[in-house]
Amino acid sequence: MRLPRPLYQEALADLKRRHPFAAERVGFLFVRVGSTDGAVLLLGCGYAPVADAEYVEDLGVGARINSTAIRSAMQRVLDTRQGVFHVHLHEHRGAPRFSWVDTREHGRLVPSFQAVGPKSVHGALVFSLNGAGAVAWPADALDPVVVDRISVVGYPLSLMKGTA
Amino acid sequence: MERYSRQSFLGPDAQENVAQCRVGIVGLGGGGSHIVQQLAHLGFQRYVLYDPDRVEDSNLNRMVNGTVRDAERAAPKISVAKRVIKRLQPDASIQAFQGRWEDRPLPLRACDIIFGCVDTMAGRRDLEACARRYLIPYVDIGLDVHKVGDEPPRMAGQVVVSMPGGPCLTCLGFLTEELLAKEAARYGAAGPRPQVVWANGILASSAVGIAVDLLTDWTQALREPIYLSYDGNKGTLGPHVRLRYLVPGPCPHYPADQVGDPSFVALPRG
């Protein structure tokens with residue numbers, strides 16, 4: 001996965017903002033696919049924050065968002081054929097990992113995106129303050145694969161080993 | 001790693017970053033031969049190389065590591081580059097293509113940095129377009145010598161970076177429609193392009209230095225668009241004056257959503 005640095009900074013700045021009641025923020029990062037010799041590139045091309053009003057109070061998770069936020073992301077997938085990654089931030093340094101709650105929720109969310117963008121690659125992305133991890137569902141796949149590297153392209157160029 | 005102890009100031013992760021970085025080098029003549037050699041010394045391990053040409057006698061004034069024997073047997077330039085890399089980095093992964101990158105673009109798209117050492121503006125435009133589409137920093141070097149009237153020849157060159165998310169070669173004023181049109185008009189009549197080893201070496205060294213800084217952030221100072229201008233008559237290399245007139249804001253030539261493999265997308269209704 002490659003993310004232009006301005007896009008990465010936009011996402012990180014949004015995810016670091018405090019929400020009135022949710023413990024963390026989430027957003028949607030949009031990607032297009034690039035083919036290479038033997039690997040698939042996921043190329044970041046846009047970020048959509050989730051509005052404060054689209055969070056739902058739920059003490060069982062860090063953040064829960066309502067159907068309006070999810071429908072909005074689905075609409076963009078439908079209109080543009082881009083893939084979409086659910087993204088959130090773990091505010092620590094080092095390699096971030098998805099929690100079991102994250103994994104459970106991704107498994108529920110991604111089929112909605114596959115329904116409107118069956119040819120696109122969707123998934124989930126978690127940032128730490130200096131790392132990233134992601135899983136991706138290739139087109140029509142039932143199970144995710146770990147994204148092996150996440151690059152932030154800009155000044156400087158960060159080549160981060162993906163974790164999940 | 002004793003071998004790299006003299007460059008340990010680059011940072012604790014620097015050597016790992018260098019080793020993991022896949023570099024693409026398009027053009028292995030005067031500029032590219034310097035770049036390959038320096039990258040191999042630095043510890044780069046993953047290479048994608050393109051050049052359709054073979055070594056000729058007229059290359060030997062500037063193509064480092066090219067030999068009389070290479071010229072006599074008309075060795076492909078990629079073979080010389082591979083030989084240099086393998087002698088310094090025996091375990092390096094090298095994909096080398098004796099041809100145009102346009103004919104084998106997939107390996108290039110997987111690169112983390114592309115060095116463009118091509119002769120033409122159209123070649124730069126096409127290479128940059130690929131790099132921007134697949135979100136790859138593109139580092140371009142070039143040198144030219146002009147003769148006007150009775151004045152001494154003027155030697156000038158550039159090192160310029162097209163960074164995805166930042167200004168492109170057109171934004172930077174380096175690549176213009178006028179230049180492309182002029183070049184197209186004299187297509188086939190360009191003649192031999194003046195090149196000299198020391199100037200190529202300066203530009204190539206600067207390009208490699210930029211790439212290492214990008215990867216390691218050792219100066220923690222590389223944050224702005226890079227466009228260096230070389231004055232071969234004065235022996236100076238510095239920020240190009242065009243940077244002062246750079247229009248702030250996103251690049252209009254390579255919009256953020258125009259990345260990846262081209263595909264058909266429905267136009268918005270109404």
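The rules we used
- Residues numbered from 1 in each chain as written.
- Chains lettered and ligands numbered in written order.
- Predicted model: local features only at pLDDT ≥ 70, side-chain atom pairs only at ≥ 80, totals over all residues.
- Heavy atoms only, no water.
- Helix = DSSP H or I, 4+ residues; strand = E, 2+ residues; numbered from the N terminus.
- Rg over C-alpha atoms; globule rule 2.2 N^0.38 Å.
- Buried < 20%, exposed > 50% of the residue type's maximum accessible area, 1.4 Å probe, protein only.
- Contact = heavy atoms within 4.5 Å.
- Areas by Shrake-Rupley, 256 points an atom, 1.4 Å probe, with all protein chains shown as cover.
- Lys, Arg positive; Asp, Glu negative; His and termini not counted.
- Charge placed at Lys NZ, Arg CZ, Asp CG, Glu CD.

Caption draft 1: Region of the structure containing the overall build of chain B. Scanning chain B for helices and strands turns up 8 helices and 8 strands. Relative to its length of 270 residues, chain B is compact, with a C-alpha radius of gyration of 19 Å against a globular reference of 18 Å. Across its three principal axes, chain B shows a C-alpha extent of roughly 65 × 55 × 35 Å. Counting every position in chain B, which comprises 270 residues, the buried fraction comes to 50%. Sequence-distant contacts, at least 24 apart, represent 68% of the contacts inside chain B between residues at least 6 apart. Roughly 13600 Å² of accessible area belongs to chain B as shown, and the carbon and sulfur atoms make up 54% of that amount.

Caption draft 2: Structural view of the overall build of chain A. Looking only at helices and strands, chain A has 3 helices and 11 strands in total. The N-to-C order of helical and strand elements in chain A reads β-α-β-β-β-β-α-β-α-β-β-β-β-β. Taking 15 Å as the expected radius of gyration for a compact globule of 164 residues, we find that chain A reaches 15 Å, a close match to that expectation. When its C-alpha atoms are laid out on the principal axes, chain A stretches across 45 × 35 × 25 Å. Across the 164 residues in chain A, those meeting the buried criterion constitute 55%. Summarising the internal contacts of chain A: among those between residues at least 6 apart in sequence, 62% fall at separations of at least 24. Only carbon and sulfur atoms are counted for the fraction: they give 55% of the accessible area of chain A, which is about 7200 Å². Looking at charge distribution, chain A has the averaged site of its 18 positive side-chain charges lying 5 Å from that of its 15 negative ones.

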